[in-house]
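Residues per chain are reported as follows:
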Amino acid sequence: MTNWPVLPDAATLGAMQLDDSQVDLGALSLSSGAGAVLNLELPSPAFTLGGFDHRCREEHLSVRVVASRTVGDGWAFRIKFHAHVLGPCTRCLGDGGVEVSVETREATRPGGGEDLESPYLKDDVLDVESWMRDSLLLATPTAILCDPSCKGLCPDCGERLADLPEDHAHERPLDPRWDALRRLSD
Ligand SMILES: [Zn+2]
Ligand SMILES: [Zn+2]
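One structure accompanies this document, and this report is about it. The shown structure was predicted, so the numbers you read here are calculated from the model rather than taken from an experiment. (Residues numbered from 1 in each chain as written. Chains lettered and ligands numbered in written order. Predicted model: local features only at pLDDT ≥ 70, side-chain atom pairs only at ≥ 80, totals over all residues.)

Turning our eyes to something else, we now look at the overall build of the protein. Looking only at helices and strands, the protein has three helices and nine strands in total. Put simply, the protein runs from its N terminus to its C terminus through helices and strands in the order α-β-β-β-β-β-β-β-β-β-α-α. Looking at the protein as a whole, 20% of its 186 residues are labelled buried. Considering only contacts within the protein whose residues lie at least 6 apart along the sequence, 62% involve residues at least 24 apart. (Helix = DSSP H or I, 4+ residues; strand = E, 2+ residues; numbered from the N terminus. Buried ≥ 20, exposed ≤ 12 C-beta atoms within 10 Å, placed from the backbone. Contact = placed C-beta atoms within 7 Å.)

Quick look at the structure:
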């Protein structure tokens, strides 16, 4: 893999960033076969997985974008970043977290049909945030735990077993009819 120059300097990069996460690659004026490495600090994305809200512990993520110009006005991209994703523990619904590393690539060639057109590139503007959100969603495991030894919830009262004493137990049977009887005898 060619080692592309780390471009551009911070001032030029500021001009290229149309907003927080849209980068105008046309401003790099790269010729076919040339490429550049962009190190960006972008707001970390939030997303929904399995019906639950997930977010990153970091407010901003350091993202490395490698963009290179391919033949026929095409582009090849790679992004690489790391995040600590926070979401509910799948066993007890307590606060869980997992380290996620993302490294993914996209290629695009104008007029190459749907398969060759990246959904994240429009008029040479790369939507890094959407790409980050989608790839983070794909890379995050559906099973996040609060602790590897999480024992989940008590099947009788639904409390987190980690919050309960070791000898936590219920008188059985825990049946509403017994409750009614107990009320009568009180
Ligand atoms: Zn848990
Ligand atoms: Zn219980």
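Pairing in this open sheet of three strands is antiparallel, and the strands run S1-S9-S8 from one edge to the other. Strands with a single pairing partner mark the edges of an open sheet, and in this sheet they are strand S1 (22–24) and strand S8 (121–122). Across the sheet, helix H2 (residues 128–139) touches S1 and strand S9 (125–127), and the angle it forms with S9 is around 30 degrees. (Pairing = 2+ DSSP bridges. Axes fitted to C-alpha atoms, helices over the stretch in contact; angles between N-to-C directions.)

Once that is clear, we can look at H2. Between its terminal C-alpha atoms H2 stretches 16 Å, which fits the 16 Å expected from twelve residues at 1.5 Å a residue. The set of residues buried in H2 consists of Val128, Glu129, Trp131, Met132, Ser135 and Leu136. The buried residues of H2 all sit within an arc of 160 degrees when viewed along its axis, so they share a single face. (Expected span 1.5 Å × (residues − 1). Arc of directions from axis to C-beta.)

To continue, consider the nonpolar core. If you look at the biggest cluster of nonpolar residues, it comprises 23 residues, and the most contacted ones within it are Val63, Val65, Ile79, Leu126, Val128 and Met132. Mapped by element, the contributors of at least two residues to this core are strand S2 (35–43), strand S5 (60–70), strand S6 (74–88), strand S7 (95–108) and H2. With residues up to four places along the chain from it excluded, the contact list for methionine 132 reads Leu42, Pro45, Val63, Ile79 and Phe81. (Core = buried A, V, L, I, M, F, W, Y, C linked by C-beta atoms within 7 Å.)

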